[in-house]
Amino acid sequence: MRAFQILIDGFAISALYALGATGFTLIFGVSGVLNLSHGAIMVAAAVAAWAAASVLNVGTYAGALIGVGVALLTAFATYFAVVKPIQDSRRIPNEEKEIFVLTGTLLWGIMIQELIAYFFTNNAKTVLPIVEGVVEILGVRTPKNEIFTAIVCCLVIALLWLLVNRTRTGKAVLAASMNPRGVTLLGLELTNIYIVVWGIYGILAGIAGVLLGMFLGVSSYSVGPLTASAFSIVVLGGLGSVSGSLIAAFVVGYLETLTAYLVSPAYRTIPALLLLVFVMYIRPQGLLGRR
Amino acid sequence: MKKRLSVALRMALGTAAAGVLMTSGAALAADPIRIGVIAEAQAIAGASIPQAAQLAADEINAKGGVDGRKIEIVGYDNHSSSADSVRAFQRAVNEDKVNVVIASYISEVVLALEPWASRLKTPFVTPGAASNEISKSVHADYEKNKYTFHGYLTSAALALSVCDGAKDLLVDKMHMKTAVIMSEDAAWTKPLDVGYEECLPKIGLKVLDHIRFSPDTTDFTPIFNKIEGAKPDVIITGISHVGVQPTVQWKNQQVPIPMFGISSQATNETFGKDTNQAAEGVLYQGVSGPGVAVTPKSVPFAENFKKKFGNYPSYAGYTAYDEVYYIADAVKRAGSTDADKLVAALETTDWEGTIGRVQFYGKDDPFTHSIKYGKGLITGLMLQWQDGKQSAVWPKDIAKVDIKFPSFIKLSN
């Protein structure tokens, strides 16, 4: 009974982690950007979905769509207002741009977090679930919304796989992640590829944010921990490797769930972080890293 | 005749001039009474503190102030941080020259400010923190810490209030026998849990398990799972930093056990919306509530607050409002804003506010300078979220409705 409980709860949380981390690693793979405003974009999506559905009463589906839309806009804003100006700047030496992007996105994330706290307070918000009620699976009372979350996450990741491997745009994105120079030589505009990737990222982060808002709820305090968990999953899986991140998301998700059930909910995140340190020692490039 | 008239004229002019001089002299003497308000402007519970204080000040000023002196509120946002609060306190006293400080609903913040009230010799009242340590420190070193007043119930009193309510509602009426305590790990819950462990068995609720969790917990599934495993009749809560998330997950997972106890966020009117009405059926302890006439002042205050700010005040709003009034009363009785005279006057406070009759425990009580708990003073009440509203269910004399639960709650008796 308890084993099933862990299996089911762990799967939902892991799928959610996977979705959140996929966009994060995709951007790093293609444009070398570590976006530290990731958590803020997810929270913005969830809070927007909550505000639309509960304050403006637009309904659950429209609310969720608005949430994803807000994440998409915020992702583009991040790219055009923060990342691109740094990448294009001639005054910042090339070797320092990475650290500038890190600092820039971190500050941007804090700005979004403070804005959310200012307008919506720092109390947690929860998005109205699209499906309500519970079902019994293997004797475990499971909220339907948890199953819905897991299914949507898997579907979106599958769609992403199709997009990257089966479409022309996707192949260009893949190529850019392997060899940006080569892509430019083939006559593709790198900036356009970046815009596509930021768009995909915005949608992924938005869906992850809204689902998280339905599943567990978020507040402006969640910004830091969400960025940190995506970051550690991506580092564990290997920076830039989408499949590595997927595996790492499930490793972290299940490790946390096991700890919460078998040891104590208070120590939930500790073993995953210890594992991260351990992997960094023996395999610095992460599970499926390329370097 | 002409001469006499001019004398009269001169006299009249002279009197008028003297009158002008005297009034301007009085205006000079009537410096405002400055109250610094340090609060968590971004948290719902904290946001009501400066608003309620301002409302009280406006009302007092509209009636002419205190002996002609106006009350001026100087507000500071502490971002829920102890460090920011200490800086705000120093600034309030050293630069903005406030006479008294009202600050924070977070025990950790108040405990950080307490030594500063002593060092800067500035009377300081908290409207919402609960830790026993606040008033215990005053008792332990009275001469040093006498500047701090605990304007809200201590955790020990809160536990008593919950147990008193649980005895009538859960044990006597619903014949419940067992409980699991679920509380967040914070300064205020340590004494609360001690209080719970002591008083629950006395009223006939056996404590089967006691779960303390980190305030940054987001997934409560394992916690509810563990609680369900123990099969208690009720979950006794001690939560304040968290509130929305456990409540929503309790409903989404349809945990069949009622929640009863302290749930500070549930005292906010916005809690229903924040949880998408998952709060339905949650039972929480409060000192006041919308539409609950604890005293004749409670309802008018709540309604005026809502008219002005658009929502009902949080629990700390009620206490902050009362505090401005009894500080004004103490200044009047002391005839001065001198810190030591003000402390002496505050100690003899006997003020009927919005949450009951406010008096402070004396020097010899272990909870020196904390507000007194008990019948005829402040007892607190139990409220329940019903049909999207907060309704009083205990004590009997002010209860408006009976307890009812959402359909997923399965009462074992």
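Please read all numbers here as calculations on a predicted model, not as lab measurements.

Engineer: When you look at the layout of surface pockets in this model, what are you seeing that I'm missing?
Structural biologist: Gaps left between atoms are located by rolling a probe of water-molecule size over the structure's atoms. Its volume calculated, the second largest pocket comes out at about 710 Å³. Of all the elements in the fold, those that place two or more residues in the lining of the second largest pocket are helix 2 (38–55) and helix 4 (94–120) of chain A together with helix 2 (44–62), helix 11 (271–274) and strand 14 (389–394) of chain B. Taken together, the residues that form the lining of the second largest pocket break down as 13 nonpolar, eleven polar and six charged. Inspection of the lining of the second largest pocket shows a minimum of three residues originating in each of domain 1 (31–153 + 295–358) and domain 2 (156–286 + 380–394) of chain B.

Engineer: Help me out: how do you make sense of the interface of chain B and chain A in this one?
Structural biologist: Where the parts come together, the accessible area they lose is often given as the size of the interface. Chain B puts 29 residues into the contact, and the matching count from chain A is 33 residues. With both chains or domains summed, chain B and chain A bury close to 2,600 Å², and 46% of this area falls on carbon and sulfur atoms. Sorting the residues of chain B by area buried against chain A places Gln42, Asn252 and Asn276 of chain B first, and these three jointly supply 24% of that buried surface. Applying the counting rule to chain B against chain A returns four salt bridges. Between glutamate 132 of chain A and lysine 251 of chain B there is a salt bridge whose closest N-O contact spans 3.0 Å. At the boundary of chain B and chain A, one finds 16 residue pairs in polar contact (both at pLDDT 80 or more). If you list the elements that add at least two residues to the side of chain B that touches chain A, you get helix 9 (221–230), helix 10 (244–252) and helix 11 of chain B. By residue number, the principal contributor to the side of chain B that touches chain A is helix 10 of chain B, which donates six residues. The residue inventory of the side of chain B that touches chain A, partitioned by class, reads eight nonpolar, 16 polar and five charged.

Engineer: Just to check I follow, could you spell out the nonpolar core for this structure?
Structural biologist: Soluble, globular proteins show a tendency: their nonpolar side chains are buried together. Membership of the largest hydrophobic core comes to 123 residues, with the highest contact counts inside it found for Ile71 and Phe260 of chain B. Setting aside chain neighbours within four positions, we find phenylalanine 260 of chain B in contact with Val162, Gly165, Ala166, Leu169, Leu170, Val234, Ile235, Ile236, Thr237, Leu283 and Met382 of chain B. Counting residues in hydrophobic clusters, the runner-up holds 81 residues, among them Met42, Ala49, Val82 and Val223 of chain A.

Engineer: Help me understand the packing of helix 6 (residues 168–178) of chain A against helix 8 (residues 190–215) of chain A in this model?
Structural biologist: Relative orientation and spacing of two packed helices are given, respectively, by the angle between their axes and the distance between those axes. All names here are of chain A. Put simply, helix 6 and helix 8 touch, their axes get as near as 10 Å, and they point 110° apart. When the interaxial angle is binned, helix 6 and helix 8 end up roughly perpendicular. Within the contact between the two elements, helix 6 uses Thr169, Ala172, Val173 and Ala176 and helix 8 uses Leu190, Ile193, Val196 and Val197. Each residue belonging to the contact of helix 6 with helix 8 can be placed in one class, and the counts come to seven nonpolar, one polar and no charged.

Engineer: Explanation requested: the pattern of salt bridges in the structure shown.
Structural biologist: Once their charged atoms are close, side chains differing in charge can pair, the charge on each being opposite to the other. Residues and elements named next belong to chain B. Per the stated rule, a full pass over the model turns up 23 salt bridges over all chains. The shortest N-O distance in the salt bridge between aspartate 402 and lysine 173 comes to 3.6 Å. You can see aspartate 402 sitting in the segment after strand 14 and its partner lysine 173 sitting in helix 7 (residues 155–173), a full 229 residues away along the chain. A relative accessible area of 56% places aspartate 402 in the exposed class. Looking at lysine 173, the relative accessible area reads 52%, which means it is exposed. Residue aspartate 193 is joined to arginine 212 by a salt bridge in which the shortest nitrogen-to-oxygen separation is 2.5 Å. Here arginine 212 lies in strand 7 (residues 206–213) and aspartate 193 lies in helix 8 (residues 189–203), a separation of 19 residues in the sequence.

Engineer: Explanation requested: the packing of helix 3 (residues 60–88) of chain A against helix 4 of chain A in the structure shown.
Structural biologist: Residues and elements named next belong to chain A. Packing of helix 3 against helix 4 brings their axes to within 10 Å, and their N-to-C directions diverge by 150°. Considering their axes alone, helix 3 and helix 4 lie roughly antiparallel with respect to each other. Here helix 3 and helix 4 pass one another in a crossing that is right-handed. Mapping the contact onto sequence places Thr74, Ala77, Thr78, Val82, Val83, Ile86, Gln87 and Asp88 in helix 3 and Lys97, Phe100, Val101, Gly104, Thr105, Trp108 and Ile112 in helix 4. By residue class, the composition of the contact of helix 3 with helix 4 is eight nonpolar, five polar and two charged.

Engineer: Can you walk me through the domain arrangement of chain B in this structure?
Structural biologist: All names here are of chain B. Domain annotation of chain B identifies domain 1 (31–153 + 295–358) and domain 2 (156–286 + 380–394). Its C-alpha centre places domain 1 at a distance of 28 Å from the equivalent point of domain 2. Facing 18 residues of domain 1, the contacting portion of domain 2 comprises 16 residues. Taking both sides of the interface into account, the surface hidden between domain 1 and domain 2 amounts to around 1,300 Å²; carbon and sulfur atoms contribute 60%. Taken as a group, Ile44, Asn132 and Leu153 account for 35% of the area that domain 1 buries against domain 2, more than any other trio of residues on that side. There are one salt bridge connecting domain 1 and domain 2. Across the salt bridge formed by glutamate 269 and lysine 306, the nearest N and O atoms sit 2.9 Å from each other. Joining domain 1 to domain 2, the criterion identifies four residue pairs in polar contact (both at pLDDT 80 or more). The element best represented in the side of domain 1 that touches domain 2 is helix 4 (residues 107–119), accounting for three residues. Its residues placed into classes, the side of domain 1 that touches domain 2 shows eleven nonpolar, five polar and two charged.

Engineer: Looking at this structure, I do not really get empty space enclosed by the protein. What am I missing?
Structural biologist: All names here are of chain B. The final tally for this structure, using the stated rule, is five cavities of 30 Å³ or more. Each pocket or cavity is described by its volume, and for the largest cavity that value is around 110 Å³. Surrounding the largest cavity, 14 residues form its lining, Tyr105, Gly128, Trp188, Ser240 and Tyr315 being those nearest its centre. In terms of residue class, the lining of the largest cavity is made up of nine nonpolar, five polar and no charged. Both of domain 1 (31–153 + 295–358) and domain 2 (156–286 + 380–394) provide at least three residues apiece to the lining of the largest cavity.

Engineer: Just checking my understanding: could you explain unusual backbone geometry for this structure?
Structural biologist: With the exception of glycine, most residues fall at negative phi, and the peptide bonds are largely trans. All names here are of chain B. Of the consecutive residues tryptophan 394 and proline 395, the connecting peptide bond is found in the cis state with omega at -5°. The topology assignment puts proline 395 in the segment after strand 14. The backbone of lysine 97 sits at a positive phi, close to 50°, despite the residue not being glycine. Tracing the backbone through its elements, the reader meets lysine 97 in the loop between helix 3 (82–94) and strand 3 (100–103). By relative accessible area, lysine 97 is classed as exposed at 54%. Its identity as a non-glycine residue notwithstanding, asparagine 276 has a phi of 50°, on the positive side. Here asparagine 276 shows up in the loop between helix 11 and strand 10 (283–286). When its relative accessible area of 13% is taken as the criterion, asparagine 276 is described as buried.

Engineer: Before we go on, may I ask you to explain the state of the cysteines in this structure?
Structural biologist: Working definition: the covalent bond between the sulfur atoms of two cysteines is a disulfide. In this structure the tally under the stated criterion is one disulfide over all chains. A sulfur-sulfur separation of 1.9 Å characterises the disulfide bridge that pairs cysteine 163 of chain B with cysteine 199 of chain B. Between cysteine 163 of chain B and cysteine 199 of chain B the disulfide shows an S-S torsion of about 70°. By sign, it is right-handed. With cysteine 163 of chain B in helix 7 and cysteine 199 of chain B in helix 8, this residue pair connects regions lying 36 residues apart in the sequence. Judged on exposure class, the residue cysteine 163 of chain B and its partner cysteine 199 of chain B are both buried. Note on cysteine 153 of chain A: no disulfide assigned, nearest cysteine sulfur contributed by cysteine 154 of chain A at a separation of 6.7 Å. We classify cysteine 154 of chain A as partly exposed; its relative accessible area is 36%.

Definitions and cut-offs
- Residues numbered from 1 in each chain as written.
- Chains lettered and ligands numbered in written order.
- Predicted model: local features only at pLDDT ≥ 70, side-chain atom pairs only at ≥ 80, totals over all residues.
- Heavy atoms only, no water.
- 1 Å grid on protein atoms, 1.4 Å probe; cavity = no way out; pocket = protein on both sides within 12 Å on 5 of 7 lines; lining within 4 Å.
- Points joined across faces, edges and corners; volume = space filled by probe spheres on them.
- Helix = DSSP H or I, 4+ residues; strand = E, 2+ residues; numbered from the N terminus.
- Nonpolar A, V, L, I, M, F, W, Y, C, P; charged D, E, K, R; others polar.
- Domains from an automatic or database assignment.
- Contact = heavy atoms within 4.5 Å.
- Buried area = accessible area lost by both parts, 1.4 Å probe.
- Salt bridge = Lys/Arg side-chain N within 4 Å of Asp/Glu carboxyl O.
- Polar contact = N/O pair within 3.5 Å; in protein donor to acceptor, adjacent residues only side chain to side chain.
- Core = buried A, V, L, I, M, F, W, Y, C linked by side-chain atoms within 4.5 Å.
- Buried < 20%, exposed > 50% of the residue type's maximum accessible area, 1.4 Å probe, protein only.
- Axes fitted to C-alpha atoms, helices over the stretch in contact; angles between N-to-C directions.
- Parallel < 35°, antiparallel > 145°, perpendicular 65-115°, else oblique.
- Left-handed = near helix turned anticlockwise from the far one by under 90°.
- Disulfide = S-S within 2.5 Å.

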